[in-house]
Amino acid sequence: MTPIESLEVDQGRLTTSGVPQDADVPGNHRPRTFTPAADAAQAFAAFLAGQGITVRGPAAPQVAPRGSAMIAAVSSPPLAQIVTQMLTESNNVIAENLARQVAIATGRPASFSGGAAAETAVLRGLGVRGGIGLADGSGLSPQDQITPDVLVQLIRLDAAPGQPALRPVITGLPVAGFSGTLGPGGSVFPDLGQAGRGVVRAKTGNLLTVVSLAGIAQARDGQLLAFAFMADQLPAGGLNAGAAGLTGLATDLAACGCR
């Protein structure tokens, strides 16, 4: 993780810290900086120096005079693409930044608590009911609490034909056996096996003593099932066994004829 600041390069990854860019290390697991904004300013200064422009003194906010000419511009990728990356690689930095964008859009502070309150308000506005207790946008806080029932409500809402804007939440989920944290070697979650491979899409989650899996499974009879499995209070060293148990449940759903 890196501190959440206003400016980052490559989400704060230390790509020059002895870990080559093409090393066999997942991008989300690379070491991160503790000073992302300052590092971003230094990186920009280095790019300018490469073009023969000398940068003197510390970086300071400036306002361009009225009528100034634009010399460069950059646009964000579409929100759906950002959500897909966040879900596929279980990226906590993107998740927290998105929560703060929700906070800004709803008139709340761009902070941990502001993002959590904003996300909760939006979910309630979409009709989601039940236990939601958020302290941040990434789920890393041990104070975060959410029920499996709420997750199933969210999945059904995202998959419903009446909410096309939410569909990227479904299409961005890791695919068992193929992509992201459900792909080969993607996380602590083992391969779902033949029955689940390619027909289960799910978001993985794990901390030291908690593991969860929520998504959709296409059953053998063609029925589309929404599910959310959680295990908490795992013993020391029990994370892999817990993850294997949840993937086993998802495999069973995909293998069944549940009508």
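About the cut-offs
- Residues numbered from 1 in each chain as written.
- Predicted model: local features only at pLDDT ≥ 70, side-chain atom pairs only at ≥ 80, totals over all residues.
- Heavy atoms only, no water.
- Phe/Tyr/Trp six-rings, centres within 6.5 Å; stacked < 30°, edge-to-face > 60°.
- Lys NZ or Arg CZ within 6 Å of the ring centre and 35° of its normal.
- Axes fitted to C-alpha atoms, helices over the stretch in contact; angles between N-to-C directions.
- Helix = DSSP H or I, 4+ residues; strand = E, 2+ residues; numbered from the N terminus.
- Parallel < 35°, antiparallel > 145°, perpendicular 65-115°, else oblique.
- Left-handed = near helix turned anticlockwise from the far one by under 90°.
- Contact = heavy atoms within 4.5 Å.
- Patch = residues over 30% accessible without salt bridge, like charges linked within 9 Å, V, L, I, M, F, W, Y side chains within 5 Å.
- Areas by Shrake-Rupley, 256 points an atom, 1.4 Å probe, with all protein chains shown as cover.
- Salt bridge = Lys/Arg side-chain N within 4 Å of Asp/Glu carboxyl O.
- Buried < 20%, exposed > 50% of the residue type's maximum accessible area, 1.4 Å probe, protein only.
- Pairing = 2+ DSSP bridges.
- Expected span 1.5 Å × (residues − 1).
- Polar contact = N/O pair within 3.5 Å; in protein donor to acceptor, adjacent residues only side chain to side chain.
- Nonpolar A, V, L, I, M, F, W, Y, C, P; charged D, E, K, R; others polar.

Chemist: Before we move on, can you summarise the packing of aromatic side chains with the specific residues and values?
Modeler: Applying the stated criterion across every chain, the model contains one aromatic pair. Taken together, a centroid distance of 5.0 Å and an interplanar angle of 25° make the contact between Phe 227 and Phe 229 stacked. A cation over a ring is seen here: Arg 100 above Phe 112, with NZ or CZ 4.4 Å from the ring centre.

Chemist: Residues and numbers for the packing of helix α2 (residues 79-88) against helix α3 (residues 92-105), please.
Modeler: One way to put it is that α2 packs onto α3 with a least axis distance of 8 Å and a crossing angle of 140°. Between α2 and α3, the crossing angle belongs to the class labelled oblique. Where α2 crosses over α3, the two elements pack in a sense that is left-handed. Two secondary-structure elements touch here, α2 through Leu 79, Ile 82, Val 83, Gln 85 and Met 86 and α3 through Ile 94, Ala 95 and Leu 98.

Chemist: I'd like a rundown of a nonpolar patch on the surface, residues and numbers included.
Modeler: Taken together, the side chains of Met 1, Leu 140, Leu 207 and Val 210 make up a nonpolar region of the molecular surface, amounting to roughly 300 Å² of accessible area. Tracing the backbone through its elements, the reader meets Met 1 in the segment before α1 (36-50). A relative accessible area of 49% places Met 1 in the partly exposed class.

Chemist: Before we move on, could you go through the sheet that holds strand β5 (residues 224-231) and cite the residues and values that matter?
Modeler: Taking strand neighbours across the sheet as the criterion, the three strands line up as β3-β4-β5 in an open arrangement whose pairing is antiparallel. Only two strands of the sheet have a single neighbouring strand rather than two, namely β3 (200-206) and β5. Between one strand and the next, the sheet's axes are offset by a mean angle of 10°, whatever the strand orientation. Relative to β5, strand β4 (residues 211-218) runs antiparallel, the two being bridged by eight bridges. In the strand pairing of β5, Ser 212 is matched with Met 230. Docked against the sheet, helix α5 (residues 148-159) engages β4 and β5, running at close to 150° with respect to β5. Against the sheet, helix α7 (residues 239-255) touches β3, β4 and β5, its axis set at about 15° to β4.

Chemist: Mind laying out α3, listing which residues take part and the relevant values?
Modeler: Taking 1.5 Å per residue as the helical rise, α3 with its 14 residues ought to reach 20 Å, and the 20 Å between its terminal C-alpha atoms agrees with that figure. As for α3, its buried residues are in contact with α2 and α4 (112-125). Of the residues that open α3, the one with a side-chain oxygen 3.1 Å from the backbone nitrogen of Val 93 is Asn 91.

Chemist: For the packing of α3 against α4, give the residues involved together with the corresponding values.
Modeler: It is at 8 Å that the axes of α3 and α4 come closest, and there the two elements cross at 70°. As summarised for this structure, α3 and α4 are arranged roughly perpendicular, according to the angle between their axes. Listed contacts from α4 to Glu 96, Ala 99, Arg 100, Val 102 and Ala 103 of α3 are Phe 112, Gly 114, Gly 115, Ala 118, Glu 119 and Val 122. By residue class, the composition of the contact of α3 with α4 is six nonpolar, two polar and three charged.

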